[in-house]
Structure formats: structure tokens, C-alpha cells
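# Working through the structure, step by step
Listed here are the chains, written in short residue letters.
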Amino acid sequence: MRRIERSLITAAGLTAGMLAILATAAPPATADDVLLIGAPISKTGWAAPYDSPVLDGFAVAMDEINAKGGIDGRFKVELLIRDNRSDNAQNAIVTQDLVDRGVKMLFVACDSSMVHATAQIIVDAKLPAISTCSSSPTLPMTGQGYIFANAVTDNVQGAAQAIYANDQGYKTAYLLKSKDIEYTMMPDYFAEAFKKLGGTIVGESLYTLGQPDFSAEVTKIKGMNPQPDVIVTSAFEPDFPAFLRQLRGAGVKIPVIAGDGIDSPTTFALGDIVEGVAFTSSGFAEPGSPMEAYQKKYLAKYGKPPESIMDALGYDLAMVVQAAVTKAGSIEPAKIRAALADLENVQGATAVISYKGGNGSPARPVVVIKIAGGKRTLASRKLPDPAIVPAPRLN
């Protein structure tokens, strides 16, 4: 909780410039040169560690934009935040409140289930919306052209995981997944792509979010003969640490591939048991890369290095907004939405990002990171062949 509170206080300090993080009931002025963005996100609850860091990275970018006089040298940005408390019902309330206050675009939550539940509010308001860090490839489907994803999408991550597994010589895989939210069903996308590459799924287990005991799943995997070559999951904390501790504690040394949700301090605090785990991500700080340059800016602003990929996605978000508003030459919602859908080759912190032809999902390379010596190491970076990438599907 300390990190979340610090993040919001730091961002709030920018109100004297172009970025205003506002938590009061009174809406800010909405002059013709002010882009008012509503953010119905999780400041508290289980999803806060994903939404809040995004705003840290967004603030880093806004410092740069502020120094140049605003977007395109003329448009100021005000960010009006409402806490959805990681709750679907509350998210609907605060989203509608922000629409009623006249925001011109929205930054919606990282948890896609909350965004899907409010999609009709967004569509009816005809407002462009971008998720802070959701990797859902189905947001554009329910968003009807108004809702855009930000991170590498689940189906593309699944394809990249399958390609990586195939490159490692893995022929069989075991899936650990949950039906509780869309993200934790990512292994299904892996399975579809893995089969296209000649791989075989030899088993799977379903778990419940927040499940503390994975002994049944671990016992099932340990008893398999032959053992699967790899275990694939998109579980995140606290589930991933609980599962991995119990898996390794039972003496099971099968390699594990995960999604970008495990890119957190909690994962790296696991020590030796997380050694060798691979996971997909939106970016990696190679020497001389834009990501490395961004991390230096983050360090200068906050006095500490970033802890995950989430804050860098916030910087990306700002670059995408800047490019769309500049392309539109306007802060009218309809013009911003049209410009967003047509964006190409926007340089972010994590990658070069394009939306043109993507129906709301960004085209960006996928990074596979392998944990070695307790640190992130780059295993691969590529944009999977579209023939391998499964089509998005609403569960």
C-alpha cells in the first residue's frame, strides 16, 4: 500500500503543470485547450498494484510533454481519477460519474472484466478509452471501436510462449489456468499455438483466484509419467508464488513459462525457486534502448528504479495519447478515436507501437524474459507470425 500512496501523491504534485491528478468532487476547468482524461482505475484492492504504477510512468512522460508546452505545443492534460476499489459495481459507478463530468477520453482499468462490464457506458458516450495495462485481445470486441488495449495481448503472448517452448525443444505441456478472469485463461491461447507447432497438451488443472493450497495440482503433475516438458500458466500473485513454492517444494523441477503478470518484486523475492522461469512481457531494457533511457528518467524522478513493466506501459500510454492528439490536431473525442485507430510507429518506452489495422489491439513485439541469477535476462524478442496467433475469443 505504501507504494500506491506514494505514487498518487507524487503525481498529484504535478497539478501546477499540465498533469492534474484530482481526487476532489469539483471538476477542473475544461477549456478548449485542456484534454480532460477520466481514469476509473484501482487505487485500492487487489488490482491496485497494476493500475497505480502505470500512472507513475505516465507522469514521467507528462514532465517531458509539459516542458514542450503541452501536446503539440498547445494542449494541456488534466487527469481526473476515481477509485473503482477493484470492484465491478463500483467501477460502473465511477465510470459513469466521469462521463457525466465531461471527460474527453478514458484510461480504463487493467482488469479486463471491469472494462467489459462498463463497455456499453463507454460506447454510448462515444469516448475513446485505453486500458492502463490490460492484455485482453477482446476489449476492442466489446468496445466496438472505442476501447483500445495497451500491453501485448493475451493471444499474442500465448503465441510467443508457444514459439519459445518449441525453440527450447519442448514437445509436451501442462496447463494451469483459472476461469475466474479472462487473463488467467491465457494458457488456452498457448495451447492453440503450441499445437500448430506440433506440440501436445498432456494435462491441465483449474484453480481459483486466491487459492492458497495447490497440493492437488502439484500431486497430479508429480505423478505424471512421463512428465510434461513444460508447465504453462498466467497465474499471478498471490497464486503464482504459492503454486511455485509448492511445486518446487515437492521436488518437481519441470520448467515453467508464465505471463507478464509475474513481473513483480514478489516474484523476484522468491529466490532460487524462481530461477529459470520464463515469462512474456511488453519490453526489456537492453543497453542503449528507449526502455533503458526511460528507466533512467524514472530513477531521476522517483529516486528508485522501477519495479515492473507496468510503469513503462504508462509512459507508452502517454506517447500514444500525444501521437493521437497531434495527429487529430484536436481534443475532440471523435477525432482522437479516429486518430488512435490509425496510429503507426509510435515510439514508446517498451517498443514501437502501431494500432492501424489492429482493431484496437496494438501491434508490438513480444519479449520473453528468463530469470537467471535472480535477474531479468532477454531470451527472445519478436512479433509472432500472424498464422500462429490465435484469434481473440470471448469466454
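Description of the structure in this document. A quick note: this is a predicted structure, and the numbers were derived from the prediction, not measured.

Attention now goes to helix α2 (residues 48-67). With 20 residues, α2 extends 29 Å from end C-alpha to end C-alpha; this agrees with the ideal 28 Å at 1.5 Å per step. Burial analysis of α2 places 15 of its 20 residues in the buried class, which makes it a mostly covered element. Looking one or two residues past α2, G69 carries a phi angle of roughly 90 degrees, positive in sign.

Throughout the structure, instances matching the rule amount to 17 salt bridges. Between E286 and R381 there is a salt bridge, and its shortest N-O distance comes to 2.6 Å. On the criterion of sequence distance, the pair formed by E286 in the loop between β11 (278-281) and α12 (290-302) and R381 in strand β15 (residues 375-382) is long-range, its members being 95 residues apart.

For the structure on display, the rule yields one disulfide. Bridging C110 to C133, the disulfide has an S-S length of 2.0 Å. The sign of the -125 degrees torsion about the S-S bond sets the C110-C133 disulfide as left-handed. Of this pair, C110 sits in the loop between β4 (105-108) and α4 (112-117) while C133 sits in the loop between β5 (129-131) and α6 (139-143), and the two are 23 residues apart along the sequence.

This part takes up the pairing of strand β14 (residues 366-372). Among the seven residues that make up β14, five are buried, leaving the element largely enclosed by the rest of the structure. Two strands pair when backbone bridges link them, and β11 and β14 are joined in this way by four bridges, in the antiparallel orientation. Paired with T280 across the two strands is V368, which belongs to β14. By the bridge criterion, seven bridges tie β14 to β15 in an arrangement that is antiparallel. Directly across from I371, in β15, lies its bridge partner R376. What sits between the antiparallel neighbours β14 and β15 is a turn of two residues, in which G373 has the positive phi angle 65 degrees.

Mapped onto the elements, F240 comes out in helix α10 (residues 239-249). Sequence-distant contacts of F240, defined by excluding residues within four places in its chain, comprise T233, A235, V256, A258, I262, T267 and V277.

Turning to unusual backbone geometry, a few remarks are in order. Residue P226 is bonded to the preceding N225 through a cis peptide linkage, with omega at 5 degrees. You can see P226 is positioned in the loop between α9 (215-222) and β9 (230-233). In this chain, E237 is followed by P238 through a cis amide linkage whose omega measures 5 degrees. Tracing the chain through its elements places P238 in the loop between β9 and α10. A positive phi angle, close to 60 degrees, is found at S86, a residue other than glycine. Note on placement: S86 falls in the loop between β3 (76-83) and α3 (88-100). We note that N345 has phi near 55 degrees; this positive angle belongs to a residue other than glycine.

Conventions used here
- Residues numbered from 1 in each chain as written.
- Predicted model: local features only at pLDDT ≥ 70, side-chain atom pairs only at ≥ 80, totals over all residues.
- Heavy atoms only, no water.
- Helix = DSSP H or I, 4+ residues; strand = E, 2+ residues; numbered from the N terminus.
- Expected span 1.5 Å × (residues − 1).
- Buried < 20%, exposed > 50% of the residue type's maximum accessible area, 1.4 Å probe, protein only.
- Salt bridge = Lys/Arg side-chain N within 4 Å of Asp/Glu carboxyl O.
- Disulfide = S-S within 2.5 Å.
- Pairing = 2+ DSSP bridges.
- Contact = heavy atoms within 4.5 Å.

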